[in-house]
Amino acid sequence: MSDHLKTAFRVATSPKLLGWSPEVFWRSTAVEFEMALEGLSGKLGGAPFVSREEVRRAAAAYGVRPSLKANPKHQIKGQ
């Protein structure tokens, strides 16, 4: 087994780091593991999940609505 894989397993299963069970580690993809490490480190440098172009298309298709940020009395349902 490679040293990189051993290190990844230790990071994933350590209660002080990711705290995954061995089963979760072995069933995860490399991308899932990488995203979990990014979350753990706080270095979330990936691209936004929605591009500006997708936002423009949605606005054109459904209209522009005021942002919740602009309304100081907004409430989140279900919390």
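Structure shown above.
Keep in mind it's a predicted model, so treat the numbers as computed, not measured.

(A) Summary view of the overall build of the chain. Scanning the chain for helices and strands turns up four helices and zero strands. Taken from the N to the C terminus, the helices and strands of the chain come in the order α-α-α-α. Out of the 79 residues in the chain, the part that is buried amounts to 11%. If you take every contact in the chain between residues at least 6 apart in sequence, the share linking residues at least 24 apart comes to 6%.

(B) Structural view of the packing of aromatic side chains. Inspection of every chain in the model, using the stated rule, returns five aromatic pairs. Aromatic side chains F25 and F33 sit 5.8 Å apart centroid to centroid with 85° between the ring planes, which places their arrangement in the edge-to-face category. Of the two residues, F25 and F33, neither departs from the other in class, the shared state being buried. Linked through ring pairs, F9, W20, F25, W26 and F33 together constitute an aromatic cluster.

(C) Quick peek at the side chain of S28. Positionally, S28 belongs in the loop between α2 (22–27) and α3 (30–41). The class for S28 is buried, based on a relative accessible area of 17%. Within polar-contact distance, the side chain of S28 engages the backbone oxygen of F25 at 2.8 Å.

(D) Representation of a nonpolar patch on the surface in the model. On the surface, M1, L5 and W26 cluster together to form a nonpolar patch covering roughly 360 Å² of accessible area. Along the chain, the position of M1 falls in the segment before α1 (3–13).

Cut-offs applied
- Every chain is numbered on its own, with residues counted from 1 as its sequence reads.
- With the structure being a predicted model, the display of local features is reserved for residues of pLDDT at least 70 and the display and counting of side-chain atom pairs for 80 or more, all residues being used for whole-chain, interface and lining totals.
- Side-chain figures throughout are based on the complete set of non-hydrogen atoms in the structure, without hydrogens or water.
- By the criteria applied, helices consist of DSSP H or I runs no shorter than four residues and strands consist of E runs no shorter than two, each listed in order from the N terminus.
- Only protein chains enter the accessibility calculation, which uses a 1.4 Å probe; a residue whose area is less than 20% of its type maximum is buried, one above 50% is exposed, and one in between is partly exposed.
- A contact between two residues is defined here by any heavy atoms of the two lying within 4.5 Å.
- Put simply, two rings from Phe, Tyr or Trp (the six-membered ring, in Trp's case) pair if the centres are within 6.5 Å, and we call them stacked under 30 degrees between planes, edge-to-face over 60, tilted for the rest.
- Within 3.5 Å is the distance limit for a polar contact, defined as a pair of N or O atoms, with the added protein rule that one can donate a hydrogen and the other accept it, and that residues adjacent in sequence qualify only through two side-chain atoms.
- Exposure above 30% relative accessible area and the absence of a salt bridge qualify a residue for a patch, where like charges join within 9 Å and nonpolar side chains (Val, Leu, Ile, Met, Phe, Trp, Tyr) within 5 Å.
- Only the protein chains shown count as covering a residue, and every accessible area follows the Shrake-Rupley method with a 1.4 Å probe.
- Any carboxyl oxygen of Asp or Glu within 4 Å of a side-chain nitrogen of Lys or Arg constitutes a salt bridge here.

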